[in-house]
Amino acid sequence: MIFLRALLTRLLTMAITLFGVAVVVFFLIRVVPGNPIAMMLPPGATEEDIARLQALYGFDKSLLQQFLIWSGDVLRGDFGTSISLRQPVSELVLGRLPATLELSLFALLIAIALGGLMAFLGTLYRHSAAEAAVDVTTGTALSVPDFLWALVLILLFGVLWPVFSISGRVSPSQAFEFTTDFYIIEAFLRLRFDVVAHLLSRSFMPALALAIPLAAIIAQLLKQSLKETMHLDYVTLARTKGYSETWVILREALPNAVLPTLTLIGVQFTFLIGGTVIIERLFSYEGLGNMAIDAVINRDLPLIQGIVILFAALFTVINLVVDMLYVVLNPKLRHA
Amino acid sequence: MMYEIRDLRLSFPDMAHKPFLGAPPQIEILKGLSFDIPKGEVLGIVGGSGSGKSTLGRAMLRLLEPSSGTIRFDGIDITHRSEQQLRPLRKRFQMIFQDPMSSLNPRRQVRGLIAGPLRLHGMDNVTERVASALDRVGLPQHFATRYPHELSGGQRQRVGIARALALEPDFILADEIVSGLDVSSQAQVLNLLGQLVNDLGMTLAFISHDLSVVRRLCTQVLVLHHGEIVEHAETDALFNTPRAAYTQELLASIPLPDPYQEWA
C-alpha cells in the first residue's frame, strides 16, 4: 500500500517534470536565432511563399497559441510532423529509440563489467603497486571525456589497426531481415548468434567510448566502498572461518558495498545516454542522437521537441527503476 | 598443549612518521611474548587499551603475521603459514568478536550465517547441525530465518557463539564479547559460554579489559601491558596475591558493589 502510494507520487512528479521540460524546450528553440522556413526554401523565394509556408506550419500564430495547439496535440499522442523529413515525429523518434537504447545498455554493461573488474582487482591487491595502477588507470579514464575517447578509439582501432567497424549500426552487406528495431535483442531471441556477434562488434567501439568514463567512476566508488567494507568485523570473521579472499570480497563485502555504486550508476546512466548524441554522430550510428543533431541543424522544431521529451521521459523512468531496485536490494528497507 | 607461543613479536609500519621516500619506521606492538595454553583451560587475557591484547588474539588466529617468534597450534607451527595452508586448520580455531552487530553480515539470515562455514568445510547434516547449534545457545528454532537487525544485542552475540560452536572447533578466542552488552545480557552470555566450554571440553581464550568478568570465567589470567606479559597466573592466585604493580593497579580500578570491601 505504501509502495503503491510512493509509486503514484513518483508518477505524478514525472508528469510535472515532463511538462516543465516541454515548456522549456518549446520556448527555448523558438527564441534562439534560426528559422525552419528559411531552411526549406531555395534562395530567392518570394515573401508570399514564406508567408504561405509559415501559415501552413502554424508559425504565423503567437507563441502561446502555438504552445497550446502543440500541447493539446501531444496529449492526444500526436507530436506533429517533422519539417525536414515530412514524417510523423512519433514514428521517427520511436523508430530510432531502440538503436540508442541498445547502444546505451551495451555501454552500461561494458562499464559495469570493466568498472567492477577494476574495483575487484584494486581491492584484492590493495596497498600494493597493483592498486596504484588501478587508481592511475581510472583517473586517466575519468579525466578524458567520452567523445575524446571516441576519437582515440577511431584512430587506434579504425585507422591504425582496423579491427572494428567505426561506422554504422549494421553492415550494408548484412542480409538479415529485421522485423523490429531492437536488432540485437531480436537477433538474440531468434537465436541467430552470428548476427548478434556482428551487431555487437559494430557497436562495440561507440559503446566502449561511452563506457570508459562511467567504468572509471564505478571502479573508483566501488573500490572505495569495498575497501571500507573489508575492514568490518563480519568480513574478518569470514576470513577466520576459512573463506578465500575472492569469496570474501565477492560474497561478503560486495552485496553490502554495492548500494552507493548502484545509485551512482542510475544517475550516470542518464549522462551516458546524453553522451550518445555526440558519440552516435562520430560513429555514424543511426540512433536518436544522430537524428537530434540533424534536427537541430535543420531547425526542425517539432522533431527537436519530440526527441527532447523522449530523452526526458527516458531519464525519469531510469530514476524510477533505480529507486525501486534500491528497495529490492536492501533487506533493511524491505522489513522496515 | 593447545597453544605454545615463544618470543612472539609483531610490528606495524608507522605510517604517521613515514618519510616522504623510503620505508616507514616500525612500531613494535608485541614485544616477545611466551606462554602456553593447555588443552581445556580458559585463559583470560587482560590489559588496558593499547596493551596489545587484541593484536595478540589476531596473531594467534593468524589474521596477522608475526614478525618473529613461533606460534604452535596443537603442535603445528602456524607462524608463517600461507592463507592457503591455513584454510584446513581454520575450522579448528574460531573467533567471536566484540560488536555482535558488525560481526554478522546484515544480508544473511541466521540460518545462512551458521550454515555457510559448515558447507565450506564440507561438514555433513548441515540442517541438523544448525538446529543443534541454535539449541545449544538457547535460541528458538524460528530464529533461523531472521536477519541480524531483527535480533537484540544478546541474541546476536548468541548467534556469533553458535557460528563458532557449529564448526566443533578445538579452540575459541572471544575478543571482548560482552563489553557491548547490557549487564543482564552479559551475565547470560557468560554463563552460556562457561557452560559450553565445560560441556564440550573446548579451550577458550577470553580477551577482556573487565577483570570481574575474567575472574568469573577463567582458570588462568595473562596480564599484558605495553605489549609485554607482566603476570601470568592461576585466577585465584592473581586476584588474591597480585605480584606485578600493574596488576595491582588494574585490580584497584574494579568498582566493587560495596565500596568498603576489598578483594580478599
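Since the model is a prediction, treat every value here as computed from it, not as a measurement.

**Q** Can you explain the interface of chain B and chain A? Please cite residues and give values.
**A** Facing 28 residues of chain B, the contacting portion of chain A comprises 21 residues. When chain B packs against chain A, close to 2300 Å² is buried across both sides, 54% of that on carbon and sulfur atoms. In terms of surface lost to chain A, no three residues of chain B exceed Phe97, Arg107 and Arg108 of chain B, which account for 25% of the buried area on that side. In this assembly, chain B and chain A are joined by 1 salt bridge. Residue Arg108 of chain B is joined to Glu252 of chain A by a salt bridge in which the shortest nitrogen-to-oxygen separation is 3.4 Å. At the junction of chain B and chain A, the tally comes to 13 residue pairs in polar contact (both at pLDDT 80 or more). Elements supplying a minimum of two residues to the side of chain B that touches chain A: helix H2 (83–90), strand S6 (93–96), helix H3 (110–120) and helix H5 (153–166) of chain B. Here the residues of the side of chain B that touches chain A are counted per class, giving 12 nonpolar, 7 polar and 9 charged.

**Q** With reference to specific residues and values, describe the domain arrangement of chain A.
**A** Here the domain parsing of chain A yields domain 1 (14–75) and domain 2 (96–294). Put simply, the middle of domain 1 of chain A and the middle of domain 2 of chain A, counted by C-alpha atoms, are 39 Å apart.

**Q** For the layout of surface pockets, give the residues involved together with the corresponding values.
**A** Estimates place the volume of the largest pocket at around 1000 Å³. Forming the boundary of the largest pocket are 24 residues, of which Arg126, His127 and Arg239 of chain A together with Leu63 and Leu64 of chain B lie nearest the centre. Among the elements of the structure, helix H5 (89–124), helix H9 (193–230) and helix H10 (233–240) of chain A together with strand S1 (3–13) and H2 of chain B are those that each provide at least two residues to the lining of the largest pocket. Looking at side-chain class alone, the lining of the largest pocket contains 10 nonpolar, 5 polar and 9 charged residues. Taken as a whole, the second largest pocket encloses approximately 400 Å³ of empty space. If you trace the second largest pocket, you find 18 residues lining it, with Tyr57, Gly58, Ile69, Trp70 and Pro302 of chain A closest to the centre. For the lining of the second largest pocket, the elements supplying multiple residues, two or more each, are helix H1 (2–31), helix H3 (47–57), helix H4 (63–75) and helix H13 (301–329) of chain A. The element that contributes the greatest number of residues to the lining of the second largest pocket is H4 of chain A, accounting for 4 residues. Within the lining of the second largest pocket, the residues separate by chemical class into 9 nonpolar, 5 polar and 4 charged.

The rules behind each value
Every residue gets a number counted from 1 within its own chain, in the order that chain's sequence is written. Throughout, the order in which chains and ligands are written sets their labels, letters from A for the former and numbers from 1 for the latter. pLDDT decides what is reported in this predicted model: residues at 70 or higher carry local features, side-chain atom pairs at 80 or more are listed and counted, and totals for whole chains, interfaces and linings draw on all residues regardless. To get the side-chain values, take all heavy atoms of the structure and skip hydrogens and water. In what follows, a contact means two residues having at least one pair of non-hydrogen atoms within 4.5 Å. Accessible area that two parts lose when put together, with a 1.4 Å probe and added across both, is what the buried area reports. Put simply, a salt bridge is a Lys or Arg side-chain nitrogen that is within 4 Å of an Asp or Glu carboxyl oxygen. Contacts described as polar in this section are N or O atom pairs within 3.5 Å, which, within protein, must combine one atom able to donate a hydrogen with one able to accept it, while residues neighboring in sequence count only if both atoms come from side chains. Runs of E in the DSSP output that reach at least two residues are strands. Runs of H or I that reach at least four are helices, and both are numbered from the N terminus. Lys, Arg, Asp and Glu make up the charged group, whereas Ala, Val, Leu, Ile, Met, Phe, Trp, Tyr, Cys and Pro make up the nonpolar group; the residues left over, Gly among them, are polar. Reported domain spans reflect what an automatic or database domain assignment gives. Using a grid of 1 Å spacing that covers the protein atoms alone, one calls a set of points a cavity when a 1.4 Å probe fits there but cannot get out, and a pocket when the set is open and has protein on both sides within 12 Å along at least five of seven lines; lining residues are those with an atom within 4 Å of a point. Grid points are joined across faces, edges and corners, and a volume is the space filled by probe spheres set on the points.

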